[in-house]
Amino acid sequence: VLRGFLSASTPLDPSVGDEPASMYDGLVLLWSDELLSAMRAAGVDNVEAYAAVLQDPRSGKQWPRYWAVNIVGLVASVDFDASGLASDPDERGDLDPEWFVLDQKRADPFRLFRLAESPDLIFVDEQVRRAIESRGLSDLQFTRPGPSE
C-alpha cells in the first residue's frame, strides 16, 4: 500500500483568499466538512471530530462547516535501518518525510495515522488520497516518504 504525508498548503490567514482551506494543522487540527466526509468515505475510523466555527477576526465572517479533529493513536513505523537514521530522537533530531522509509507492515493496518516518531506528521494511504482528490480538495499536498528520485 502506497503511503503519503498529508499537509496543508494554505496558512490560516483571512487575507489570503475568500474561502478558508480544507485543513489547518496547528495546535488544533481543523478539517473542513468536505475533508472529514472524504476521510469517512475512504474508511477512516480513528478520528474524533468536534464541530468548530472559523471566524475572520477583522470582518467577523464565519465558516461553520469545520471540525476540530483528533487522530486517535500513534503508529511507530519508521524503518530506521533502511533509512540510515539513528533511532534515538536526541541523536537524529526532527524527521522530514524525505529522510526516512516507512515500515509498511506496521503502517498497513491504518488508512490514516500520526507518526509516533514525529507526531506532527500525518500519513494517509492511497485510498484516502484518491478520496480526497476526487472531491477536488486541491489545497492539500501529498508527499511520499523517502528520498526523492
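Structure first, text after, so check above.
What counts, and at which threshold
- Residues numbered from 1 in each chain as written.
- Predicted model: local features only at pLDDT ≥ 70, side-chain atom pairs only at ≥ 80, totals over all residues.
- Heavy atoms only, no water.
- Pairing = 2+ DSSP bridges.
- Helix = DSSP H or I, 4+ residues; strand = E, 2+ residues; numbered from the N terminus.
- Axes fitted to C-alpha atoms, helices over the stretch in contact; angles between N-to-C directions.
- Buried < 20%, exposed > 50% of the residue type's maximum accessible area, 1.4 Å probe, protein only.
- Contact = heavy atoms within 4.5 Å.
- Polar contact = N/O pair within 3.5 Å; in protein donor to acceptor, adjacent residues only side chain to side chain.
- Arc of directions from axis to C-beta.
- Phe/Tyr/Trp six-rings, centres within 6.5 Å; stacked < 30°, edge-to-face > 60°.

J.: So what exactly am I meant to see when it comes to the sheet that holds strand β5 (residues 62–71) here?
T.: Strand order in the open sheet formed by four strands is β2-β3-β5-β4, and the pairing between neighbours is antiparallel. At either end of the open sheet lies a strand with only one pairing partner, and these are β2 (23–25) and β4 (47–55). Between one strand and the next, the sheet's axes are offset by a mean angle of 30 degrees, whatever the strand orientation. Pairing of β4 with β5, which is carried by eight bridges, proceeds in the antiparallel orientation. In the sheet register, Y50 faces β5, and the bridge partner there is A68.

J.: Could you clarify how one ought to interpret the pairing of β5 in this entry?
T.: Look at any regular strand and the pattern is simple: side chains alternate between the two faces of the sheet. Where strand β3 (residues 29–32) and β5 come together, four bridges link them in antiparallel fashion. Considered in β5, the bridge of W31 is made with W67. What sits between β4 and β5 in their antiparallel hairpin is a turn of six residues, with G60 showing a positive phi close to 85 degrees.

J.: Can you walk me through helix α5 (residues 126–134) in this structure?
T.: Quick reminder: α-helices carry 3.6 residues per turn. Residues three or four places apart thus point the same way. What α5 keeps buried is the set E126, V128, R129, A131 and I132. In the core, the buried residues of α5 are packed alongside α1 (33–41), β8 (118–125) and β9 (140–143). Backbone nitrogen of Q127 and a side-chain oxygen of the N-cap are separated by 3.2 Å at the start of α5; the cap is D125.

J.: Looking at this structure, I do not really get α1. What am I missing?
T.: The set of residues buried in α1 consists of L35, L36, A38 and M39. One side of α1 carries all its buried residues, which in axial view fall inside an arc of 160 degrees. Projecting away from the buried face of α1 at angles above 90 degrees are the exposed residues R40 and A41.

J.: How do you make sense of the packing of aromatic side chains when you look at a structure like this?
T.: With the rule as written, the count across this model stands at two aromatic pairs. Residues F110 and F113 carry aromatic rings whose centres are separated by 6.3 Å and whose planes lie at 65 degrees to one another, so their mutual orientation is edge-to-face. Owing to a relative accessible area of 31%, F110 belongs among the partly exposed residues under this scheme. Ring geometry for F113 and F123: centres 5.6 Å apart, planes at 15 degrees, overall stacked. A residue pair is termed long-range when its members are at least 10 positions apart, and F113 in strand β7 (residues 112–115) and F123 in strand β8 qualify at 10 residues. Residue classification places F123 among the buried residues on the basis of a relative accessible area of 0%. Through a chain of ring-to-ring contacts, the aromatic side chains of F110, F113 and F123 assemble into a single cluster.

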